[in-house]
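# A structural walkthrough
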Amino acid sequence: MSHIPETTAADPAETLENAHIELTEATDKNSRSSLSSSFVPVDNIQDAIQVIDENKQFNSAILDYISSSPDRLGLGDYRIISVFGSQSTGKSTLLNHLFNTNFDVMDEVNRQQTTKGIWLAHSPGVTHSAKSTAPDNVLVMDVEGTDGRERGEDQDFERKAALFAMSTSEVLIVNLWETQVGLYQGANMGLLKTVFEVNLSLFGKAKLRNNDHKVLLLFVIRDHLGVTPVESLARTIEQDLLKIWDNLNKPADVAHLEFSDFFDLAFHTLSHKVLQLDKFKSDVKLLGNRFVDKSDPGFLFKPFYHHDIPIEGWTMYAQSCWDQIDNNKDLDLPTQQILVAKFKCDEIASLCLEEFEEKFKAFETDAREAVSSGSAISYDDIGKVMKDINEDILEEYDSQASKYNKLVFEQKRVALTNKVNDRLGEVFGVYADHLSNSTIKDLGSSLKKKSSKFSSFQEKVATLTAASIASFVTSLTLLSLGGSLPIESQVKSLKENVNTLVAKQQVVELNNIISKSLKKINNGLSTTILDEIAKPDKNTWNRILDSFTELKNNSLSKYQAAEGYDFGLGTEAHVNDKALSTLEFKAWELFDQLIQKYISKDNLLNILKDRFDEKFRYDENGVPKLYQNAMELESSFADSKDYALEALPILSFARLSNGAEVRPKYDIRNKSLQKKYATVQLVAEEEDEDDEEPDSDAEEEDGQCFAQIVTEKEKSDVLIRFRKETDAKFVETKRSIMQLVTQIPLWVYVVIVVLGWNEFMAVLRNPFFFTLLVIFGAGGYILWQMGLLGPSMMVAQRAFDEAVAVGKTKLREILIDEPGQHGHNLGTISGNSNRRLAPLDKETDEPEVTASGDTEDN
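With an unreviewed UniProt entry as reference, the protein is termed GB1/RHD3-type G domain-containing protein, source organism Candidozyma pseudohaemuli. UniProt, in the comment section headed Sequence similarities (unreviewed entry), describes the protein in these words: "Belongs to the TRAFAC class dynamin-like GTPase superfamily. GB1/RHD3 GTPase family. RHD3 subfamily." In UniProt, the protein has this text filed under Subcellular location (unreviewed entry): "Endoplasmic reticulum membrane".

Structural data, given as structure tokens:
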């Protein structure tokens, strides 16, 4: 893992070394700091370029600098070396001596930061004492020192610069004093721990794909006095590094990898530059040998350290690495001052939140009770209370936390504000929901009320909704803590609810319009149907259908617009179309219901009977007929029956005069269509093409089409019942004719006059009997004129015959000379009979005996 070279005496100084030392001594007096805001090389002698400035900006002109170097680099034989270490430990001086660069070095009179950011220079040659050398196309990066007083506790750039150097270099020179070995912070072990951890997170997976590549960590121990052996120093550093590695938080997929899979270690010691200058120069040459002499046992440029990409690819790779490193938050570790500020501000914020919670619980309870009770709510007063609670908490926090780091103070204040606003937002939500519900409820009531203030429903909706939303926004703004609590979502939700409410009310209004239209159609069509079925003819259904079409068109005439129909509700075209379809479907459905109502089987029988009676009982003038003979009766009966049955085919099947049957636009008996057009719905459904025309197949499945009012079976039943009732009337009428024909001979009337002459004269002379005679004569004359004389005489004859029969029965019951029967008759007459007597046998006049031996009750 590590190679520790032996420290030997240096060879005589070569020309290159002497020239470099002279150049360094000349420039030490007149050195100047690198410009922090410039990416341009310092001067033509130093020929260095700033890769990353102290503001973490990457220089995209690196490739131009490399391409324009005096010794143009090859595509694959370049080497990248970086130096890393504490500020003012001689990093730039080491690079200038070792690689003959001209980086700025520290003014020893004023110890301060020299290198700012990361600088890159092409090495004109490596200082060495070896006789055989390898090509030395070396690019050297000088990294800003760590633990500088200029940055103080801000170690963000230090971490990122160290990680950048580690990820882009083949050899990372860790420059440290001998006295720093064994220290944690002094040897930058804490910084290395963070760098190792983030390096695993960002670039660890690349190791799984390229297992051979490693980075050499070259620890250059400065001002080595030789008291402590270099092996002991190396062992201490190696133990510290392995301990750090074991304690890292490694990603799961690379947790099995070891330190040696990523890094090799090498060590070299340098004598004191001031007190042992010659020894220092010799040590530098020995270190140079390790970079250029491949035969040296400690040769450092191993093939697996190289990135195996051309130099132009390395510049792109370096920029990509820096972008990942700069955007990684794991390197943004806070300073001690910030840590204290965070801790104290968090503590103060927690105390403020506890105080806030006490006030908030009571406030929340009051809010929920006020909403549930339905009492009047003053949103202005509630908004002021919420604002006071919020301001009191923030003022308490400001008074205690403002003395800490301003950035942390402000960040924690924002977090505290968000927490307070979130809690207050819960109460805000309670009131917002209550306000939204009450707004919707009030708007719904206003839309349902009839008002003469508005010319149309559309104007009413626009006015009331605008007022409701404006009132809602005004009240909600009072609760929003001056805009801290967003109200956009509540306003959006309210608008959606308002649109839904308006849409529902529009549907209600549409359905009301349809109901009113159907009521008008019902009234007019009922009258037409009743008039037409009373006297049906071949044009009956033409007139009924024309009346139906006219009534339907008249009900929609006031809603007709230039294109289609507009009901004045602000509804969309597809909703209006659905309303028209619903009205038309329900109108045809109403048409069918009225037909079935007025032309049912029983009503059809009554219609036929009325037509028969109209023809059979009355003449053309409406006078009741009195048939004198059977021939006249039979002729009238046949004509009357034919006249009545003429209406049966007309009323049993709706057929126009041209023979075409009445067919609606929709299959009104289709269950799915009945459900679809029950009412106008919020979302207009697309009508099927099959709905446009009647579905004959569906009608056949139902067994009865629209035009067929009564079925053949029902029509047969009507005919049977009609014939029975008309035949009964015929028989009854014929009997009356027969009774009238059986007259008393005229000579009987002559005998009655002769024998009853005295009685007639007595009646004429007696005013009472004369009056009765006049009354009976007038009544008889009236009955004769009305054709009711015959029926009246027949009724009187039947009443007389019935009275005679009853009289004979009673007389027989009294005169029969049987004790039992006589007693039974007397008991029956008096109503006191408690037992029934067996009837007498007709032959023996004895009571009949039943099979059981008892007499049968009468």
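Next comes the rest of the account.
### Regarding the nonpolar core
Ranked by size, the top nonpolar core spans 110 residues in total, and within it W541 and F591 carry the most contacts. Among the elements that make up this core, the one with the highest residue count is helix α13 (residues 488-534) (14 residues). If you count residues domain by domain, this core takes at least three from each of domain 2 (338-485) and domain 3 (508-688 + 704-735). Other than its neighbours up to four places away in sequence, W541 contacts F591, I595, I599, I650, F653, A654, R655, L656, V662 and I709.

### What about the environment of T417?
Along the chain, the position of T417 falls in helix α11 (residues 406-448). By relative accessible area, which is 17% here, T417 ends up buried. In the structure, T417 is positioned 26 residues away from E391 in sequence and 9.7 Å away in space, judged by C-alpha atoms.

### Examining the UniProt feature "transmembrane region" (unreviewed entry) in the protein
Per the UniProt record, "transmembrane region" (unreviewed entry) is found at residues 737-757 and 763-784. The annotated region residues 763-784 carries 95% helix and 0% strand content, and the separation between its end C-alpha atoms amounts to 23 Å.

### Side note on the pattern of salt bridges
Applying the stated criterion to the full structure yields 25 salt bridges. Between R368 and E364 there is a salt bridge, and its shortest N-O distance comes to 3.2 Å. Of this pair, R368 and E364 both sit in helix α9 (residues 336-373), separated by 4 residues, roughly a single helical turn. Using a relative accessible area of 44% as the deciding quantity, one classes R368 as partly exposed. Measuring nitrogen to oxygen at the nearest pair gives 3.9 Å for the salt bridge that ties E584 to K665. In this pair, E584 is assigned in helix α15 (residues 573-598) and K665 in the loop between α18 (647-652) and α19 (671-676), connecting sequence segments 81 residues apart. Ionic contacts of the salt-bridge type, sharing partners, join the residues E355, K359 and D392 into one network.

### Structural notes on the confidence of the model for the protein
Averaged over all residues, the pLDDT of the protein equals 77, while 80% of them reach at least 70. Per-element mean pLDDT across the protein ranges from 39 in helix α1 (residues 15-29) up to 90 in strand β7 (residues 263-269). Below pLDDT 50 for its whole length, residues 1-46 participates in 93 contacts with residues either more than four positions away or in separate chains.

### Considering a nonpolar patch on the surface
A cluster of nonpolar side chains, contributed by L746, Y749, I752, V753, W757 and F760, occupies part of the molecular surface with about 630 Å² of accessible area. Taken together, the elements giving at least two residues each to the nonpolar patch come down to α22 (746-755) and α23 (757-765). In terms of residue count, α22 provides more of the nonpolar patch than any other element does, 4 residues in total. Its location among the elements puts W757 in helix α23.

### Examining the environment of V140
Its location among the elements puts V140 in strand β4 (residues 138-143). Since its relative accessible area comes to 0%, V140 is described here as buried. C-alpha of V140 to C-alpha of L95: the two residues are 45 residues apart in sequence and 7.8 Å apart in space.

### Overview of the packing of helix α4 (residues 156-168) against helix α8 (residues 311-326)
Helix-helix packing is described using two parameters, namely the angle between the two axes and the distance between the axes. At their nearest, the axes of α4 and α8 sit 10 Å apart, and the two run at 145° to each other. Every pair of crossing elements has a handedness; the one defined by α4 and α8 is right-handed. Residues F157, K160, A161, L163, F164, S167 and T168 of α4 pack against W314, Y317, A318, C321, W322, I325 and D326 of α8. When its residues are assigned to classes, the contact of α4 with α8 shows 10 nonpolar, 2 polar and 2 charged.

### A look at the side chain of T93
Position of T93 relative to the elements: it lies in helix α3 (residues 91-99). Ignoring sequence-local partners within four residues, the contact set of T93 consists of V105 and K273.

### Re a positive patch on the surface
A cluster of basic residues, K450, K516, K520 and K558, forms a positive patch at the surface. Along the chain, K450 turns up in the loop between α11 and α12 (457-478).

Cut-offs and rules
- Residues numbered from 1 in each chain as written.
- Predicted model: local features only at pLDDT ≥ 70, side-chain atom pairs only at ≥ 80, totals over all residues.
- Heavy atoms only, no water.
- UniProt positions renumbered as here; feature names shortened; annotations may be inferred.
- Core = buried A, V, L, I, M, F, W, Y, C linked by side-chain atoms within 4.5 Å.
- Buried < 20%, exposed > 50% of the residue type's maximum accessible area, 1.4 Å probe, protein only.
- Helix = DSSP H or I, 4+ residues; strand = E, 2+ residues; numbered from the N terminus.
- Domains from an automatic or database assignment.
- Contact = heavy atoms within 4.5 Å.
- Salt bridge = Lys/Arg side-chain N within 4 Å of Asp/Glu carboxyl O.
- pLDDT = per-residue confidence, 0-100.
- Patch = residues over 30% accessible without salt bridge, like charges linked within 9 Å, V, L, I, M, F, W, Y side chains within 5 Å.
- Areas by Shrake-Rupley, 256 points an atom, 1.4 Å probe, with all protein chains shown as cover.
- Axes fitted to C-alpha atoms, helices over the stretch in contact; angles between N-to-C directions.
- Left-handed = near helix turned anticlockwise from the far one by under 90°.
- Nonpolar A, V, L, I, M, F, W, Y, C, P; charged D, E, K, R; others polar.
- Lys, Arg positive; Asp, Glu negative; His and termini not counted.
- Charge placed at Lys NZ, Arg CZ, Asp CG, Glu CD.

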